[in-house]
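Residue-level structure breakdown
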Amino acid sequence: MINITLPDGSVRPYPKGSTAMDIALSISAGLARNVLSAKVNDEVWDASRPIHTDARLQLLTWDAPEGKATFWHSSAHLMAEALEALYPGVKFGIGPPIDDGFYYDVDTGDRQISSEDFSRIEEKMRELARQKNTYTRKEVGKADAIQYFKEKGDEYKVELLEELEDGQITFYEQGNFVDLCKGPHIPDTGRIKAIKLMKVAGAYWRGDETRKQLTRIYGVTFPKQKELDEHLQMLEEAKKRDHRKLGAELELFMFSEKVGAGLPIWLPKGTALRTRMEDFLKKEQIKRGYQPVITPHIGKKDLYITSGHYAKYGEDSFQPIHTPREGEEFLLKPMNCPHHCEIYGHRPRSYKELPLRIAEFGTVYRYEQSGELHGLTRVRGFTQDDAHLFCTPDQLKDEFLGVMDLTMHVLRKLGFQNYTAQISLRDPDNPDKYIGSNENWDKAEEAIIEATEEAGLSTVTVMGEAAFYGPKLDFMVKDALNRSWQLGTIQVDYNLPERFELEYIGSDNQPHRPVMIHRAPFGSMERFIGVLIEHSAGNFPLWLTPDQVAVLPISDRHNDYARKVLAQLSAEGLRGYVDDRSEKVNRKIRDAEVQKTPFMAIVGDKEAESGALSIRKHGEGDLGSMKMEDFVDYLHKLEEEI
Ligand SMILES: [Zn+2]
Ligand SMILES: [Zn+2]
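Heads up: these notes are all about the structure in this document. Small disclaimer: the values here were computed from a predicted structure and weren't measured. (Residues numbered from 1 in each chain as written. Chains lettered and ligands numbered in written order. Predicted model: local features only at pLDDT ≥ 70, side-chain atom pairs only at ≥ 80, totals over all residues. Heavy atoms only, no water.)

**Focus: the overall build of the protein chain**
Secondary structure summary: the protein chain contains 20 helices and 33 strands in total. Overall size of the protein chain, expressed as C-alpha extent along the three principal axes, is 90 × 75 × 60 Å. Counting across all 642 residues of the protein chain, residues that qualify as buried make up 51%. For the protein chain, long-range pairs separated by at least 24 residues make up 68% of all intrachain contacts whose partners lie at least 6 apart in sequence. Of the roughly 31,100 Å² of accessible surface on the protein chain, a fraction of 48% belongs to carbon and sulfur atoms. Across the protein chain, the mean location of the 84 positive side-chain charges is 3 Å away from that of the 104 negative side-chain charges. (Helix = DSSP H or I, 4+ residues; strand = E, 2+ residues; numbered from the N terminus. Buried < 20%, exposed > 50% of the residue type's maximum accessible area, 1.4 Å probe, protein only. Contact = heavy atoms within 4.5 Å. Areas by Shrake-Rupley, 256 points an atom, 1.4 Å probe, with all protein chains shown as cover. Lys, Arg positive; Asp, Glu negative; His and termini not counted. Charge placed at Lys NZ, Arg CZ, Asp CG, Glu CD.)

Quick look at the structure:
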């Protein structure tokens with residue numbers, strides 16, 4: 001017998017050689033129907049693979065990210081089988097799962113595959129799925145494996161095989177298709193009920209542009225048709241909300257080929273919005289005892305060698321800047337932390353000064369591959385709402401609570417209500433991987449867990465995900481389309497204080513190392529605003545939106561009165577503009593709607609006489625007539641609400 005430990009901690013005996021599927025069946029038939037694969041200790045396995053030793057076991061269903069990955073990866077095999085049936089002689093590169101489905105890189109020789117072929121391929125996949133073919137794992141010797149793919153004429157698989165070690169090679173077979181693969185896969189093709197191919201693109205073999213360009217076919221599959229329908233609907237909505245599209249339409253930001261890819265340029269409206277976010281956080285931080293600092297955009301290469309960032313970003317990022325002086329090298333800063341460590345260390349520190357919280361909206365530069373760039377969410381230059389907190393190990397929990405409170409306040413003000421905290425802790429089986437004493441790690445991990453409990457946050461704890469230099473907490477935020485974003489990280493660090501030899505004199509008159517916390521509630525201003533645009537569909541909270549009111553004169557003779565109205569609104573601290581073009585008022589309303597201006601104040605003869613305003617709300621329509629002071633009060637209240 002073997003002992004199987006389930007996620008709830010219970011231990012059950014099973015005959016040696018039992019599979020995850022056997023174990024699922026022993027729990028319930030319903031569960032077994034939904035099991036896609038299983039985590040055995042820390043590896044994901046086929047649910048049909050025999051387990052021969054005591055093990056920790058987690059059954060993976062569609063709801064688990066690894067379960068989904070197994071499902072989509074198995075779907076790539078199904079697509080490959082369909083392609084082989086329809087295009088005999090097709091050769092295969094790799095076919096992994098991705099965040100929203102899967103792809104397979106294929107070489108169809110002189111035949112072209114385009115989206116017009118999709119329905120034929122999907123139909124074949126459905127036919128093969130209905131056969132409920134099992135995915136069978138087979139261990140193969142290297143020589144035999146190479147022989148197989150040489151005979152088949154698939155040089156890509158042969159190349160992959162040549163780099164593998166003998167004794168670790170497995171084939172998977174389903175129906176008429178055999179693939180070189182380490183797995184795992186779902187039990188059978190019958191689980192795949194809904195299939196949609198999404199697009200084709202060119203992809204160089206092994207990402208090397210000197211090698212052959214293969215055809216990459218993307219697809220997505222689901223266990224239920226309804227889930228596919230919902231997914232496609234979500235993609236439609238996401239297209240409408242794409243921040244790159246809305247950012248251009250609302251004139252928030254732009255990119256210029258001449259300035260350089262991945263370097264966002266903020267237009268006046270976007271700058272106004274971003275500045276308001278920064279001002280809001282700066283004010284909050286001052287209230288909470290942070291001290292703003294400003295540091296340069298470049299630093300000597302040696303600084304980043306000391307911090308370790310050169311090892312991480314140096315070779316693969318922007319290259320050093322040389323000066324006329326021999327041997328003098330500067331780097332564009334990839335991180336603000338080293339500069340802040342220098343601030344901490346510029347004079348002796350006493351325990352009485354701790355916690356020391358220094359904050360900076362610091363712009364950093366990292367070279368991302370051009371293929372990775374994406375609007376504001378993947379860029380080469382961005383501004384972090386960065387701060388570094390230096391404290392004693394005993395102050396860690398309170399500092400954590402403070403930072404969590406600030407982060408939740410920020411998320412609430414920006415209209416994000418749905419989030420969980422992901423806590424990343426040490427790998428208990430690998431204690432030597434980490435820097436810092438065990439005692440300090442225990443203290444820090446306890447502090448994080450207790451702080452999240454006290455804050456009433458719902459949390460997910462992942463063992464072994466901590467950085468080597470400290471545990472961390474990430475806010476995983478769901479947007480309006482139910483997509484998950486990692487925003488707001490709080491990271492404990494025992495490494496940089498060590499590398500920069502930071503100290504404070506304790507109450508015992510002895511020198512001690514402070515603990516450092518890195519934190520950024522917005523993370524990157526660019527990325528956060530990109531996510532915010534898509535979350536809000538460009539309908540920003542009233543306190544933040546670039547223009548709150550469009551004043552729309554009915555005809556040219558009302559322009560002067562409209563300007564007076566705007567002046568009165570401005571005097572009350574509200575923002576807007578007068579649309580004094582010689583256009584029909586309906587046209588002006590339509591344009592203000594497109595600009596997503598939250599309120600329109602329409603003024604004509606009646607309004608000019610009575611001193612009232614005719615108010616429309618974006619997306620809702622007429623609110624009727626309002627006196628100026630009532631409208632002002634109404635807007636101020638709305639600003640406060642969120
Ligand atoms: Zn596979
Ligand atoms: Zn930092």
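Now that the structure has been shown, the text picks up again.
**Re the side chain of asparagine 495**
With respect to the helices and strands, the residue asparagine 495 is situated in helix α15 (residues 495-499). Look at asparagine 495 and you get buried, because its relative accessible area is 8%. Discounting residues that sit within four places of it in the chain, asparagine 495 has contacts with Ile435, Phe468 and Tyr469.

**A word on the coordination of the zinc ion (ligand 2)**
Protein ligation of the zinc ion (ligand 2) involves Cys337 (SG), His388 (NE2) and His518 (ND1), the donor distances falling in the range 2.0 to 2.4 Å. Of note, the zinc ion (ligand 2) draws all its donor residues from one chain, in the sequence arrangement C-x50-H-x129-H. Of this pair, cysteine 337 sits in helix α12 (residues 337-345) while histidine 388 sits in strand β21 (residues 381-391), and the two are 51 residues apart along the sequence. Here the two residues cysteine 337 and histidine 388 agree in accessibility, since each one is buried. (Donors = N, O, S within 2.8 Å, 3.2 Å for Na, K, Ca; no water.)

**Points about the packing of helix α17 (residues 559-571) against helix α20 (residues 628-641)**
Two elements in contact, α17 and α20, have axes whose closest approach is 11 Å; the angle formed by their N-to-C orientations is 45°. With respect to α20, the axis of α17 lies oblique. In the packing of α17 onto α20, the handedness of the crossing is right-handed. Counting all contacts with α17, which are made through Val565, Gln568 and Leu569, the residues of α20 involved are Met628, Phe631 and Val632. (Axes fitted to C-alpha atoms, helices over the stretch in contact; angles between N-to-C directions. Parallel < 35°, antiparallel > 145°, perpendicular 65-115°, else oblique. Left-handed = near helix turned anticlockwise from the far one by under 90°.)

**As for the coordination of the zinc ion (ligand 1)**
Protein-derived ligands of the zinc ion (ligand 1) are His73 (NE2), His77 (NE2), Cys181 (SG) and His185 (NE2), with the metal-ligand distances lying across 1.9 to 2.1 Å. Coordination at the zinc ion (ligand 1) comes from four donor atoms whose angles at the metal span 90 to 129°, giving a geometry best classed as tetrahedral. As a motif over one chain, the donors of the zinc ion (ligand 1) read H-x3-H-x103-C-x3-H. One end of the pair, histidine 73, is in helix α3 (residues 65-86); the other, cysteine 181, is in the loop between β11 (177-180) and β12 (194-204), and 108 residues separate them in sequence. (Tetrahedral: all angles 85-135°; square planar, octahedral: opposite > 155°, others 65-115°.)

**Things to note about a negative patch on the surface**
Residues Glu572, Glu629, Asp630 and Asp633 make up a contiguous surface patch of negative charge. Relative to the helices and strands, aspartate 633 is located in helix α20. (Patch = residues over 30% accessible without salt bridge, like charges linked within 9 Å, V, L, I, M, F, W, Y side chains within 5 Å. Salt bridge = Lys/Arg side-chain N within 4 Å of Asp/Glu carboxyl O.)

**Looking at the sheet that holds strand β33 (residues 621-627)**
Across a sheet, strands are paired by hydrogen bonds formed along the backbone, either parallel or antiparallel in direction. With mixed pairing, five strands are arranged side by side in an open sheet as β30-β29-β31-β32-β33. The open sheet is flanked by β30 (576-578) and β33, the only strands paired with a single partner. Averaged over all neighbouring strand pairs, the angle between strand axes comes to 25°, with direction disregarded. As paired strands, strand β31 (residues 599-603) and strand β32 (residues 612-617) are joined by four bridges and run antiparallel to one another. Looking at β32, one finds that phenylalanine 599 is bridged to lysine 617. In this fold α20 packs onto β29 (549-553), β31, β32 and β33, with an angle of close to 120° to the strand it touches most, β33. (Pairing = 2+ DSSP bridges.)

**Things to note about the packing of aromatic side chains**
Evaluation of the coordinates by the stated rule reveals 24 aromatic pairs. In textbook terms, an aromatic cluster arises when at least three aromatic residues are bridged by ring pairs, as seen for Trp62, Phe71, Trp72 and Phe222. Its end group placed over the ring of tryptophan 45, arginine 49 keeps NZ or CZ at 3.9 Å from the ring centre. Arginine 349 extends its terminal NZ or CZ atom over the ring of tyrosine 344, reaching a point 5.3 Å from the ring centre. (Phe/Tyr/Trp six-rings, centres within 6.5 Å; stacked < 30°, edge-to-face > 60°. Lys NZ or Arg CZ within 6 Å of the ring centre and 35° of its normal.)

**Overview of the pattern of salt bridges**
Charged atoms that come close allow side chains of opposite charge to pair. The final tally for this structure, using the stated rule, is 53 salt bridges. Across the pair arginine 349 and glutamate 353 runs a salt bridge whose closest N-O atoms are separated by 2.8 Å. Between lysine 443 and aspartate 394 there is a salt bridge; the shortest N-O distance is 3.2 Å. Within this pair, whereas lysine 443 is found in helix α14 (residues 438-455), its partner aspartate 394 is found in the loop between β21 and α13 (396-413), the two being separated by 49 residues in sequence. On the basis of relative accessible area, lysine 443 is assigned to the partly exposed category, the value being 31%. Owing to a relative accessible area of 62%, aspartate 394 belongs among the exposed residues under this scheme. The structure contains a network of salt bridges with shared partners spanning Asp579, Arg581, Glu583, Arg587 and Asp591.

**Comments concerning unusual backbone geometry**
For the bond running from glycine 183 to proline 184, omega is 0°, close enough to zero to count as cis. Structurally, the position occupied by proline 184 is in the loop between β11 and β12. With an omega dihedral of -5°, the bond running from leucine 354 to proline 355 counts as a cis peptide bond. Considering the arrangement of structural elements, one finds proline 355 in the loop between α12 and β20 (356-365). At lysine 132, a position not held by glycine, the phi torsion is positive, near 50°. With respect to the helices, strands and loops of the structure, lysine 132 is situated in the loop between α4 (118-130) and β9 (136-139).

**As for the sheet that holds β9**
An order of β9-β10-β11 is seen for the three strands of this open sheet, with the pairing classed as antiparallel. Lying at the two open borders of the sheet, with one neighbouring strand each, are β9 and β11. Neighbour-to-neighbour, the strand axes of the sheet open up by a mean angle of 25°, direction not taken into account. In the sheet, strand β10 (residues 170-174) pairs with β11 via four bridges, with the strands oriented antiparallel. Counterpart to glutamine 174 in the pairing with β11 is phenylalanine 177.

**Here we look at the pairing of strand β3 (residues 37-40)**
In summary, the side chains of a regular strand alternate between the two faces of the sheet. Alignment of β3 against strand β5 (residues 55-60), held across four bridges, turns out to be antiparallel. Counterpart to lysine 39 in the pairing with β5 is glutamine 58. The antiparallel pairing of β3 with strand β4 (residues 43-45) creates a hairpin that spans two residues between the two strands, and asparagine 41 there sits at a positive phi of about 50°.

**Some thoughts on the environment of histidine 52**
You can see histidine 52 is positioned in the loop between β4 and β5. For histidine 52, a relative accessible area of 48% gives the class partly exposed. Once you skip the residues sitting within four places of it in the chain, histidine 52 turns out to touch Ile2, Lys16 and Gly17.

**Things to note about the nonpolar core**
In this structure, Leu414 and Phe475 are the most contacted members of the largest nonpolar core, which totals 58 residues. Per element, the largest residue contribution to this core is eight residues, and it comes from α13. For phenylalanine 475, the contacting residues outside a window of four places in its chain are Met404, Thr407, Met408, Leu411, Tyr419, Thr420, Leu457, Trp485, Gln486, Leu487, Gly488 and Ile490. (Core = buried A, V, L, I, M, F, W, Y, C linked by side-chain atoms within 4.5 Å.)

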